[in-house]
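Here's the letter readout for the chains.
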Amino acid sequence: MSNRDIETLVICGSGPAAWTAAIYAARASLAPMVLEGDPEPDMIPGGQLMFTTEVENFPGFPDGITGVELMDRMRAQALRFGVRVESTSAASVDFENKPFVVQTTDGRTIKTRSLIVATGARPKWLGVPNEERLARSGGGVSACATCDGWAARDRRVAVVGGGDTAMTEALHLAHLASEVFVLCRQDRLKASRILADRAMSHDKIRFLWNTQVVEVLGEKTVEGVVLEHTVTKERSRLPIDMLFVAIGHKPNTDFLNSQLRLDAQGYIWTEPGSTQTSVPGVFAAGDVMDPKYRQAITAAATGCMAALDAEAWLAR
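Now for a quick tour of the structure. (Residues numbered from 1 in each chain as written. Predicted model: local features only at pLDDT ≥ 70, side-chain atom pairs only at ≥ 80, totals over all residues. Heavy atoms only, no water.)

The secondary structure content of the chain amounts to 7 helices and 19 strands. Its C-alpha radius of gyration of 21 Å places the chain within 12% of the 20 Å reference for a compact globule of 316 residues. Each of the 316 residues in the chain was classed as buried or not, and the buried ones make up 52%. Surface summary for the chain: the accessible area is close to 14900 Å², and the carbon and sulfur share equals 49%. The chain carries 33 positive and 38 negative side-chain charges, and their two centres are separated by 2 Å. (Helix = DSSP H or I, 4+ residues; strand = E, 2+ residues; numbered from the N terminus. Rg over C-alpha atoms; globule rule 2.2 N^0.38 Å. Buried < 20%, exposed > 50% of the residue type's maximum accessible area, 1.4 Å probe, protein only. Areas by Shrake-Rupley, 256 points an atom, 1.4 Å probe, with all protein chains shown as cover. Lys, Arg positive; Asp, Glu negative; His and termini not counted. Charge placed at Lys NZ, Arg CZ, Asp CG, Glu CD.)

Moving on to the packing of aromatic side chains. Per the stated rule, a full pass over the model turns up 3 aromatic pairs. One cation-aromatic arrangement involves Arg 261 over Trp 269; the distance from NZ or CZ to the ring centre is 4.2 Å. (Phe/Tyr/Trp six-rings, centres within 6.5 Å; stacked < 30°, edge-to-face > 60°. Lys NZ or Arg CZ within 6 Å of the ring centre and 35° of its normal.)

Across the sheet, 5 strands lie side by side as β10-β17-β11-β12-β13; this open sheet has parallel pairing. This sheet does not close on itself; its edge strands, each paired only once, are β10 (141-142) and β13 (205-208). Inspection of the sheet shows strand β11 (residues 156-160) paired to strand β17 (residues 242-245) by 4 bridges, in the parallel sense. Residue pairing for β17: Val 159 is matched across the bridge by Phe 244. Those strands touched by helix α5 (residues 164-174) are β11, β12 (179-183), β13 and β17, and its axis lies near 170° from that of β11. (Pairing = 2+ DSSP bridges. Contact = heavy atoms within 4.5 Å. Axes fitted to C-alpha atoms, helices over the stretch in contact; angles between N-to-C directions.)

Function cannot be inferred from these measures alone, as they are strictly geometric.
Written as structure tokens, this is what we have:
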């Protein structure tokens, strides 16, 4: 831990947004400190990309790169510019006083003039047997069709959910997969009319109503799912090659204790065209403030913006 009395900038997180912010801030001589996080059952330092096998849509890697290697490279680049990294998380932050006070999960106290929150979001899982195990091992369970849809080419896949996210995922996969099953717990969709109509009129997409997944089948890769009818409780098996869970994400904001303004979905609100939050000197970047795109490249872009915004705010 640094011996500084007051830090200039602390960055919470260790995904593409956090490391990009750290690189820009370090090059601007802000001497940033990164709290990269503690390992948790469904989230580890490096963020969601640590559970992604192949990343083929991040510019600069024509042959693709694994999520783990991409995060390792970003971290190494930040360290090259002198970024200080602490293997702990922010347990709480006090924004009432200046400088801000960060309490870490290992019991330390850090005072800082400015803060970038880049703690990301975690997918909501179904909580059924084998689901998260096969998601972490790259065995065919995913929460992002844009990220992992490339592996669905000419394969039978299923999407769980009935909202806009699920319909968007299903339509994206329909361009790649041989057949797409949408598994909906109810007998109707919650999605907007236009997305629902597009999905229901697509000749590759089939809907299974009043259906929930109770188990994912497969040892190393997905081989199918066990389904249960929500009304009759009758069970059946559906052979598929991949399962996409599209029931939403939860931004990692609990440690903020509602001190920052959030939007209707629980993501950190930022001023239009900026990463400035409702508290001056506190900025947000990446999936914790982005309910729409949730891509590595967009997270990195907002990390750059947050560092530039923090630099300008500190200069004032």
